[in-house]
Amino acid sequence: MKQLGGAQTSQMSILIYRGLALFICLPTLLVLCSHHHFNPHLLLYYTILNFGIITLYFLLAYGYSLIYWKQMKAAHALEDSEDAAAQTSVSTDDVREDNDVDKGQEEEEGTEKDAEGVDDKDDDDGKLLVGVTPGSYNAGLLGVFTMFLYITALSNSYVVTTVYWPLLYPHDKHVDWMTFVMHAGNIILMHGDFFMNNMPFFKHQVCLYMLLILAYLTAVIIAHDVFDVHYPYYFLDPTHQLAIVWWSVLLTAHIIFFSWVTTMAQKKQDRISDKALEELESQSVLPGVQMSANV
């Protein structure tokens, strides 16, 4: 029950954090969009697009955290009721012994009950620990989509921050609270979530990630050529003499930051997995069973 309580506390912490992050992101996005009359052309600005992805991620992640926290709370209540039932059973056995019931038979039955109780507790605790260990994900299509939003938002936050301050800020040094939140707060919020969650990264998603970037560049060109919308950033203009250089640098930056966050995530998952395995072994949760590091 001690392990369950710790897991529940940890889940409560990330639930509160994601709620606060959503409280920051959603109003910021709504205020920005309202200032521009919810013009869909705002999505052509990479900063706003990425901040929208961040907001959607925190919305879905908060929902998942809330559901999982309720499940943990229910499991905690169930374990308490099982402990109370076990204590009641022990008290009943003591009364029977006082009434001169056959002691030999009671000792044999008590031994069998104790053995069954230990087996049940081991199985329950094992499932619990495996459930909060990296690798045991069965989140469905929406969960996979949420994880993709997560890796996209975190990787793009690096791109937005490193491109805005050295390249765009010198041309317009006006910084209000919305600008700061979207160009600095974005990476702070995502990294806070990164250090608190156990969500995995999948390197093969780099293909889908790059397709998303190419889709964005294509949408920018179509919006300009078909709907006569100006390019949101000067370095995205394909007629610029350094267009090939700029586009190559941007694509390379996305790959580098994607690889960086994936590497960080893998190292974090390895540490969490090793710690979880050590706890399983020290508590003898599953005695005699060899656990894989990918559990």
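Engineer: Just checking my understanding: could you explain helix H5 (residues 177-196) for this structure?
Structural biologist: Note on helix geometry: an α-helix contains 3.6 residues per turn, so any two residues three or four positions apart are oriented the same way. Of all bends in H5, the biggest is about 50 degrees, found at Gly185. Within H5, 15 of the 20 residues are buried, leaving the element largely enclosed by the surrounding structure.

Engineer: How should the side chain of Thr262 be read in this particular structure?
Structural biologist: Examined against the element boundaries, Thr262 turns out to sit in helix H7 (residues 243-283). Once residues lying within four places of it in the same chain are set aside, the contact partners of Thr262 are Ile151, Phe201 and Lys203.

Engineer: What is the right way to read a nonpolar patch on the surface from this model?
Structural biologist: Residues Leu56, Leu59, Tyr64, Leu142 and Phe145 make up a contiguous nonpolar surface patch of roughly 430 Å² in combined accessible area. Elements that contribute at least two residues to the nonpolar patch include exactly helix H2 (46-98) and helix H4 (140-168). The element best represented in the nonpolar patch is H2, accounting for 3 residues. With respect to the element layout, Leu59 can be found in helix H2.

Engineer: Just to check I follow, could you spell out empty space enclosed by the protein for this structure?
Structural biologist: Unoccupied space between atoms shows up once a probe the size of one water molecule is rolled over them. Throughout the structure, instances matching the rule amount to 2 cavities of 30 Å³ or more. Quantified by volume, the largest cavity comes out at close to 200 Å³. Lining the largest cavity we find 17 residues, and of these Tyr46, Val159, Tyr233, Phe235 and Leu250 sit closest to its centre. Going through the elements one at a time, H2, H4, helix H6 (206-227) and H7 are the ones with two or more residues in the lining of the largest cavity. Looking at the lining of the largest cavity, the element that brings in the most residues is H4, giving 5 residues. Among the residues forming the lining of the largest cavity, the class breakdown is 15 nonpolar, 2 polar and no charged. What the second largest cavity holds in volume is close to 50 Å³. In terms of lining residues, the second largest cavity is bounded by Tyr46, Leu49, Asn50, Ile53, Asn156, Leu212, Ile213 and Tyr216. Mapped onto the lining of the second largest cavity, the elements with two or more residues apiece are H2 and H6. The greatest single-element share of the lining of the second largest cavity, amounting to 4 residues, is contributed by H2. Class assignment of the residues belonging to the lining of the second largest cavity gives a composition of 6 nonpolar, 2 polar and no charged.

Engineer: Hey, could you run me through the nonpolar core in this one?
Structural biologist: Nonpolar side chains in soluble globular proteins tend to end up buried together. One finds Tyr57, Phe58, Met190, Phe235 and Leu236 to be the most contacted residues of the largest nonpolar core, which totals 60 residues. Put simply, the parts of the chain that give this core at least two residues each are helix H1 (2-35), H2, H4, H5, H6 and H7. By residue number, the principal contributor to this core is H4, which donates 13 residues. Apart from the residues lying within four places of it in its own chain, the contact partners of Phe235 are Val163, Leu168, Trp246, Trp247 and Leu250.

Engineer: For this particular structure, what's the right way to read the confidence of the model for the protein chain?
Structural biologist: Low-confidence regions, as indicated by low pLDDT, have predicted coordinates that should not be scrutinised in detail. When pLDDT is averaged along the protein chain, the result is 79, and 75% of the positions lie at 70 or above. Under a pLDDT of 50 for its full length, residues 1-6 has, in the predicted model, 12 contacts with residues more than four places off or in other chains. Counting contacts from residues 117-137, a segment whose pLDDT is below 50, to residues more than four positions away or on other chains yields 37 contacts.

Conventions we followed
Residues numbered from 1 in each chain as written. Predicted model: local features only at pLDDT ≥ 70, side-chain atom pairs only at ≥ 80, totals over all residues. Heavy atoms only, no water. Bend = angle between axes of the 7 residues up to and from the residue. Helix = DSSP H or I, 4+ residues; strand = E, 2+ residues; numbered from the N terminus. Buried < 20%, exposed > 50% of the residue type's maximum accessible area, 1.4 Å probe, protein only. Contact = heavy atoms within 4.5 Å. Patch = residues over 30% accessible without salt bridge, like charges linked within 9 Å, V, L, I, M, F, W, Y side chains within 5 Å. Areas by Shrake-Rupley, 256 points an atom, 1.4 Å probe, with all protein chains shown as cover. Salt bridge = Lys/Arg side-chain N within 4 Å of Asp/Glu carboxyl O. 1 Å grid on protein atoms, 1.4 Å probe; cavity = no way out; pocket = protein on both sides within 12 Å on 5 of 7 lines; lining within 4 Å. Points joined across faces, edges and corners; volume = space filled by probe spheres on them. Nonpolar A, V, L, I, M, F, W, Y, C, P; charged D, E, K, R; others polar. Core = buried A, V, L, I, M, F, W, Y, C linked by side-chain atoms within 4.5 Å. pLDDT = per-residue confidence, 0-100.

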